[in-house]
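# Commentary on secondary and tertiary structure
For reference, the chains in residue letters:
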Amino acid sequence: LAYSNLGNVLRDNGKLKEAELSFRKAIEIKPDYALAYSNLGNVLRDNGKLKESFDSYLKVIDINPKISYIYESITRLLKESDISQLNKSKIKDVLNLLLERNDVTHGELIRAFNFLYNNQIIDILENIDSDFSKIELLINDKIIINALKKVTFKDIRIEKFLTKVRSNICDRITKDLDTINESELQFIIALGEQCFLNEYIYSLTKKEILSINKIIKRCKNIELNEINISILSCYFPLYKLIDKIPSLKSFSSPNKIFTELMELQISEPLQEIDLSQNIKKLGTINDEISQKVKSQYEENPYPRWRYGSYHENQKLSINQAINIEIKPNSIGSSIGEEHVEVLVAGCGTGQQILHTQVYKNAHTTAIDLSLSSLSYAQRKINELGINNVELIQMDILDISLLEKKFDIILCSGVLHHMADLSKGLSALVGALKNNGFLKLGLYSELARQDIIKARNYIDGKNLKPTITDIRRFREDVISGTYPEIENLQKRSSFYSTSECRDLCFNVQEHRLTINQLKETLNNNKLEFLGFLLEKPVKSLYKQYFPQDKKQNNLENWAKFEEKHANTFRGMYQFWVSKKRKNTR
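Residues numbered from 1 in each chain as written. Predicted model: local features only at pLDDT ≥ 70, side-chain atom pairs only at ≥ 80, totals over all residues. Heavy atoms only, no water.

This paragraph deals with the pairing of strand S3 (residues 362-368). The buried fraction of S3 amounts to 6 of the 7 residues, a majority that puts the element mostly inside the structure. Relative to S3, strand S2 (residues 340-345) is paired through 6 bridges, and the arrangement is parallel. Across the sheet, residue Leu343 finds its bridge partner in S3, namely Thr365. Since S2 and S3 lie parallel, the crossover through helix H17 (residues 351-356) that links them has a hand, and here it is right-handed. One ladder, built from 5 bridges, connects S3 with strand S4 (residues 389-393); its direction is parallel. Bridge pairing in S4 places Ile367 opposite Ile392. Handedness of the crossover joining S3 and S4 through helix H18 (residues 371-384): right-handed. (Buried < 20%, exposed > 50% of the residue type's maximum accessible area, 1.4 Å probe, protein only. Helix = DSSP H or I, 4+ residues; strand = E, 2+ residues; numbered from the N terminus. Pairing = 2+ DSSP bridges. Right-handed = clockwise from strand over helix to strand, strands pointing away.)

Since the α-helix packs 3.6 residues into each turn, any two residues three or four apart lie on the same face. Here helix H20 (residues 449-460) spans 17 Å end to end across 12 residues, near enough to the 16 Å set by a 1.5 Å rise per residue. All of the buried residues in H20 are Asp450, Ile451, Ile452, Ala454, Arg455, Tyr457 and Ile458. Among the structural elements, helix H21 (467-479) and helix H22 (497-504) are those in contact with the buried residues of H20. In the stretch just after H20, Asn462 is the one whose phi turns positive, near 55°. (Expected span 1.5 Å × (residues − 1). Contact = heavy atoms within 4.5 Å.)

Turning to the sheet that holds S2, a few remarks are in order. Spatial ordering of the open sheet is given by S1-S4-S3-S2-S5-S6-S8-S7, a layout of 8 strands whose pairing is mixed. With one partner strand each, in any of the chains shown, strand S1 (280-281) and strand S7 (526-531) form the two edges of the open sheet. Across 5 bridges, the pairing between S7 and strand S8 (residues 572-578) is antiparallel. Looking at the pairing, Phe531 lines up with Phe574 of S8.

To continue, consider the packing of aromatic side chains. One pass over the structure, following the stated rule, counts 22 aromatic pairs. Considering the side-chain rings of Phe531 and Phe568, the 4.7 Å spacing of their centres and the 50° angle between planes classify their relative orientation as tilted. Within this pair, whereas Phe531 is found in strand S7, its partner Phe568 is found in the loop between helix H25 (554-563) and S8, the two being separated by 37 residues in sequence. Phe568 shares its class with Phe531; the two are buried. Ring-pair connections join several aromatic residues into one group, and the members of that group are Phe528, Phe531, Tyr541, Tyr544, Phe545, Trp557, Phe560, Phe568, Tyr572 and Phe574. The ring of Phe196 carries the charged tip of Arg304 above its face, separated from the ring centre by 4.2 Å. Above the plane of the ring of Tyr443 lies Arg448, whose end atom (NZ or CZ) is 3.5 Å from the centre. (Phe/Tyr/Trp six-rings, centres within 6.5 Å; stacked < 30°, edge-to-face > 60°. Lys NZ or Arg CZ within 6 Å of the ring centre and 35° of its normal.)

A cluster of like positive charges, contributed by Lys327, Lys535, Lys542 and Lys549, occupies part of the molecular surface. With respect to the helices and strands, Lys535 occurs in helix H24 (residues 535-544). (Patch = residues over 30% accessible without salt bridge, like charges linked within 9 Å, V, L, I, M, F, W, Y side chains within 5 Å. Areas by Shrake-Rupley, 256 points an atom, 1.4 Å probe, with all protein chains shown as cover. Salt bridge = Lys/Arg side-chain N within 4 Å of Asp/Glu carboxyl O. Lys, Arg positive; Asp, Glu negative; His and termini not counted. Charge placed at Lys NZ, Arg CZ, Asp CG, Glu CD.)

So, about unusual backbone geometry. The peptide bond linking Tyr302 to Pro303 adopts the cis configuration, its omega dihedral lying at -10°. Topologically, Pro303 is positioned in the loop between helix H15 (288-299) and helix H16 (318-326). For the bond from Lys327 to Pro328, the omega torsion is 15°, close enough to zero to count as cis. Tracing the backbone through its elements, the reader meets Pro328 in the loop between H16 and S2. Even without being a glycine, Glu199 presents a positive backbone phi close to 60°. Turning to its location among the elements, Glu199 is positioned in the loop between helix H11 (182-197) and helix H12 (206-220). Positive phi outside glycine occurs at Asn361, with the angle close to 55°.

So, in structure tokens, the structure goes:
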């Protein structure tokens, strides 16, 4: 234990080689010490020794598979690393484990899944399209079926084949050509869950619309069964069909997999509607842009997610949590750990709320404009048993109505959708304690040139943010009608309705250069602490600017972004604090 504790101290101080030796000594003394293997895996990952890190994490599972946090560590490694360096067989085994669990962020497994399965799935789907008896090839692969249920697929080739196969199945069911067997039903249910996850982004033909209407008519005429319901779930969220097919709500089945589909598409959305009645509201949303943004996220709560990582026993102090993200910079301990007030400003469907659970002794207030997003968040935190969060529907501009100051404020991907970004930021700064910390996410002008072109294309075609026009826009992008925006297919947000709408159809969007960001922070007397970036990016920055030991010089980062325009393709994500009086 002493060597393991020493290793953690050494790692926190950047002494990675010494930390590695210390953890290895702990393992030498106690070969079945799972925590030492986990810590060793972390250090090896920090050092870029991916294969050794991966093997060290796997050793934790061998020793004690009940240590839940190790699965999130492996998920993070698979997301952030060059997985071609890892053993394919081991990746497959661990992917199977991770997709079976409901306490990891499955969306972060998409790179590993694509690496192993993309070509295989495409081959199988191509065969199925011409010979449906080959569906067994898909059904018998548990990893593919679980991925369909839990991970939004983000490959245009797979999308095309899934769209064709869906149409093929729909046609067969409509014509009663033959009986759908149990394996085929299992696939249709998994496809229905995939379509629910991507919010029915796939295009459909007029023929399919006619077929769907026939199936709905059948269901009204007492032909309600698992097959008809399952194919409908591939085209609509089932709860939205209750008005047309009232008996859907009470339909029950002994089929466990089918029951899970009904839970996902009927029980959970209806539960959210009930929860919305009791969400607290403060102030009035009068700002015109705020009202439009509210409407957008009421229609398309963002993002849709099923499972995430939440480990009650993995708590960090504020400075530990921030230092991990702003490394190589660091902050001293300036916040008392007895009680920490956290605000998530623009919490959406609640994924960010999970991130707040890492803070010791924290109480979280989470606000958003969208009631349906908040209801989604409330359902998820109820499921997870999180009881230190209060959700409130309100505008950031009314933040003073909370009548409290916060130690930590998280506001990612929100301010750039307000009418006046500066007013929103000023409201947040006013609610931050003098020794508090603010984490922001804002759009980069340089990294969103493709989005600017896309928005111009949408305006030129007079496309509206409806599901019909979003599908039409995507069809144009996929077909290569406008080559300048073809690269949108490489953006992960292209593959679900709410994310595509947020990406290209948002009612309001501000973008900043790093120089403008610096000016904005100075105007609000905020000190820049560091960007959240993967280690290879920070290592590359170090090669350009070795003298910037803390990597917090925004002028340097502006030069870096000019050379590497896609660095902030997602957003500028960074931490700031209020400038101390003695800070120039």
